[in-house]
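Chains, contacts and geometry: an overview
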Amino acid sequence: MRLTSLPLFLTLLAATATHTVAADPAPPAPASLSPNQLTLATGNPSLALMSSSPVQVPVWSLSGGTVGQSVAGLVTGLPSDCAAVKVEVVVTQTDASTSPAFEDVYRVHLSQMIGDGPFTARYKLGTPVRTALPAGPFHSRTIVLESYYEVVPGAPLWVRVQREPGDPADTFAHPAGLALVKVTPVQAPKKAHVVEDVKGYNSWPMLQAIGNKLVCVYTRGSGHTIGEDARATYARTSTDGGKTWTQETTVANSPGYGDVPVGKGLDANGAMLLWVRRVGKERIHDLYRSTDGVTFTLLATPQLAVSPMQITDVFAVPQVGLMALWFAGNYTDEPTNSWGIVTSSDNGTTWTQTTVEAELPKAEWPTEPSAVYLGDGKILVIARTESGVLTTERAQFQIVSTDNGATWKRTRTNIGDVTGSTPSLILDAKTGLLSNYYYHRGHGILRRRVVDPNTVFNAPLQWPTSEAVATGSAVTWDAGNANATVIGGTHYVSFYSGKAPDTSVLVAEVKAPRRDQGTNTEE
């Protein structure tokens, strides 16, 4: 392989430098693995020298047509205050057909060699990461393959990088050159506040700000079940940013039904609205209203033609009134799933249901959506995927409207570090930045992606990489379900975490992103 090496050389210099943000401490120095520090792990990749006098750069050539090619190396000397690491790669292509019309896909395998245990004990299979190629050959890209892998300081870290030409998103049939692997120490995020941790399955919280008061509504039962009669819905409030909470009050405890909060929002007067789903001999959605987060009054029980699995968060849309998205189905691969909207023109008293898509297979079914109104008729929605495949097809959906919700377009994003991950969106009025919070089940990480919504509205594959804002249980279905709200310059995100039969409701306190810090794109 041969290339004009100056752009790559400059990228390597940038990749090994540290970066600072005004008024923030300098980040820890990264460790870099050059191609000569990596060895063949699987398949038959080749170590090549890409040169253009006077610069010669070694790379590992990874095929675009042969699956299973990877290289590996060891990183030692992680600092004692290191809670996790971020893993990045620098790659380049030399083929003349290189252009953004093509994508390639990479993933990382990680583990640590810890005493008194097998080196497979901390193995993690990374998420496949898709990126578009650059404008032409002889350019390079820095790709974040993992933003937060928890580590034991001092233990050697094993890193294996693999290209995935068998992934549906890898459309570039030519080789790629792996020029550098960068491993950066990451400190642990701030510990989340505890809302409720009594014995029982405290779960599926909703969080809403009423002025400067946080209202957290959650449910408790005996396990990960939605229809048990013992399951009721409760509320607590906080006026100190989630540090302390009032005594629990009961919102709904319907005889013969399990009550679960599934959506929240504000009405036109600033009062809190709360959807509570009742599951028993039938599935019913009740809408409650509260001005203080303590007393909730039943406002409506809509009679809907399609019985939703959930009606989600309420938001305001000009010329429409209040809107919420719903989804319905049975979580099977049969094409029986659907989704749509409900709208209210009388501040929540009555609701009209519209089906947007029906007869969807599970892999194409957007569930548990979160929406924001952007202005000028534009609505942006991120929805959970129920797909379980280990390719880039397991990614959150993006759904957009340009006409106040009259018509919609659904596409798949590049947000692939998900497993049953419910999104929650916050649009900051001051900065215009959009935050997407979601819990990476099975990995125990509450993640956030921050973006200018204008950059992804018509480009859903351009979401920046995620960052960890809290951690919790890695037991797949006993933790998750992020739901966010905002007070001033702080975001608050509720989730639950534990191990059945006992889980807790938590709230993470996260600074709102700033424009001068960027939008957590790859450095």
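One can find the structure itself at the top, above this paragraph.
Quick summary incoming for the structure in this document. Small disclaimer: the values here were computed from a predicted structure and weren't measured.

1. Quick look at the overall build of the protein chain
Counting secondary structure elements, the protein chain contains two helices and 36 strands. Expected size for 523 residues packed as a compact globule is a radius of gyration near 24 Å; at 24 Å, the protein chain falls within 12% of this value. In terms of its C-alpha atoms, the protein chain occupies a principal-axis envelope of roughly 75 × 50 × 45 Å. Residue pairs at least 24 apart in sequence account for 61% of intrachain contacts in the protein chain once pairs closer than 6 positions are excluded.

2. Structural notes on the side chain of Asp 452
Secondary-structure assignment places Asp 452 in the loop between β32 (445-451) and α2 (453-456). Among the polar contacts listed, one links the side chain of Asp 452 to the backbone nitrogen of Asn 454, at a separation of 3.0 Å.

3. As for the sheet that holds strand β28 (residues 397-401)
The strand order β26-β27-β28-β29 describes an open sheet built from four strands, whose pairing is antiparallel. Only two strands of the sheet have a single neighbouring strand rather than two, namely β26 (367-375) and β29 (409-412). On average, each strand axis in the sheet is tilted by 20° relative to the strand beside it, whichever way the strands run. Two strands pair when backbone bridges link them, and β28 and β29 are joined in this way by four bridges, in the antiparallel orientation. Bridge assignment links Val 400 to a residue of β29, and that residue is Lys 409.

4. Examining the nonpolar core
Val 85, Leu 157, Val 159, Leu 178 and Val 181 are the most contacted members of the largest nonpolar core, which totals 27 residues. Breaking this core down by element, the ones donating at least two residues are β4 (55-62), β5 (70-75), β6 (84-92), β7 (103-112), β10 (140-150), β11 (157-163) and β12 (176-186). Sequence-distant contacts of Val 85, defined by excluding residues within four places in its chain, comprise Leu 78, Glu 146, Ser 147, Tyr 148, Tyr 149, Val 151, Leu 157, Val 183, Thr 184, Pro 185 and Val 186.

5. Comments concerning the environment of Pro 453
Here Pro 453 lies in helix α2. For the pair Pro 453 and Gly 68, spaced 385 residues apart in the sequence, the C-alpha separation amounts to 36 Å. With residues up to four places along the chain from it excluded, the contact list for Pro 453 reads Leu 374, Leu 380, Leu 427, Gly 432 and Leu 434.

6. Here's the deal with the environment of Ala 179
Tracing the chain through its elements places Ala 179 in strand β12. Expressed as a C-alpha distance, the spacing of Ala 179 and Pro 58, which sit 121 residues apart in the sequence, is 6.7 Å.

7. Regarding the sheet that holds strand β23 (residues 321-328)
One open sheet holds the four strands; their spatial order is β22-β23-β24-β25, and the pairing between them is antiparallel. For this open sheet the edge positions go to β22 (310-317) and β25 (352-360), each flanked by a neighbour on one side alone. Here the strands of the sheet are splayed against their neighbours by 20° on average, with no regard to which way each runs. Alignment of β23 against strand β24 (residues 337-344), held across seven bridges, turns out to be antiparallel. Among the inter-strand pairings, Phe 327 is bridged to a residue of β24, identified as Trp 339.

8. A few points about the pairing of strand β31 (residues 434-440)
Of all seven residues in β31, seven are buried, a share of seventy percent or more. Along β31, one buried face is formed by Leu 434, Asn 436, Tyr 438 and His 440 and the opposite face, lined by Ser 435, Tyr 437 and Tyr 439, is buried too. Connecting the antiparallel pair strand β30 (residues 424-427) and β31 is a turn made up of six residues, with Gly 432 showing a positive phi of about 75°. As judged from the seven bridges shared by β31 and β32, these two strands associate in the antiparallel manner. Bridging from a neighbouring strand, Asn 436 pairs with Arg 449 of β32. Counted along the chain from β31 to the antiparallel partner β32, the turn is four residues long, and its residue Gly 442 has a positive phi close to 85°.

9. Quick look at unusual backbone geometry
What you tend to see is this: most non-glycine residues have negative phi, and most peptide bonds are trans. The amide bond that connects Ala 500 to the next residue, Pro 501, takes the cis arrangement and shows omega of 15°. Relative to the helices and strands, Pro 501 resides in the loop between β35 (490-499) and β36 (502-511). Here Tyr 331, not a glycine, exhibits a phi torsion of approximately 65°, which is positive. Take Tyr 331: it is sitting in the loop between β23 and β24. Judged by its relative accessible area of 30%, Tyr 331 is partly exposed. Of note in this structure, Glu 368 is not a glycine but carries a positive phi near 45°. By the secondary structure assignment, Glu 368 is in strand β26.

10. Some thoughts on the pattern of salt bridges
Under the defined criterion, the tally for this structure stands at 25 salt bridges. For the salt bridge of Lys 124 with Glu 146, the shortest nitrogen-to-oxygen distance reads 2.7 Å. Taken together, the residues Lys 124 in strand β8 (residues 124-125) and Glu 146 in strand β10 connect sequence positions 22 residues apart. Overall, the relative accessible area of 11% leaves Lys 124 in the buried class. Since its relative accessible area comes to 5%, Glu 146 is described here as buried. Notably, a salt bridge pairs Lys 190 with Glu 509, separated by 3.4 Å at the nearest N-O pair. Taken together, the residues Lys 190 in the loop between β12 and β13 (193-196) and Glu 509 in strand β36 connect sequence positions 319 residues apart. Shared partners join several salt bridges into a network, and the residues in it are Lys 124, Glu 146, Asp 417, Arg 447 and Arg 449.

Conventions adopted
- Residues numbered from 1 in each chain as written.
- Predicted model: local features only at pLDDT ≥ 70, side-chain atom pairs only at ≥ 80, totals over all residues.
- Heavy atoms only, no water.
- Helix = DSSP H or I, 4+ residues; strand = E, 2+ residues; numbered from the N terminus.
- Rg over C-alpha atoms; globule rule 2.2 N^0.38 Å.
- Contact = heavy atoms within 4.5 Å.
- Polar contact = N/O pair within 3.5 Å; in protein donor to acceptor, adjacent residues only side chain to side chain.
- Pairing = 2+ DSSP bridges.
- Axes fitted to C-alpha atoms, helices over the stretch in contact; angles between N-to-C directions.
- Core = buried A, V, L, I, M, F, W, Y, C linked by side-chain atoms within 4.5 Å.
- Buried < 20%, exposed > 50% of the residue type's maximum accessible area, 1.4 Å probe, protein only.
- Salt bridge = Lys/Arg side-chain N within 4 Å of Asp/Glu carboxyl O.

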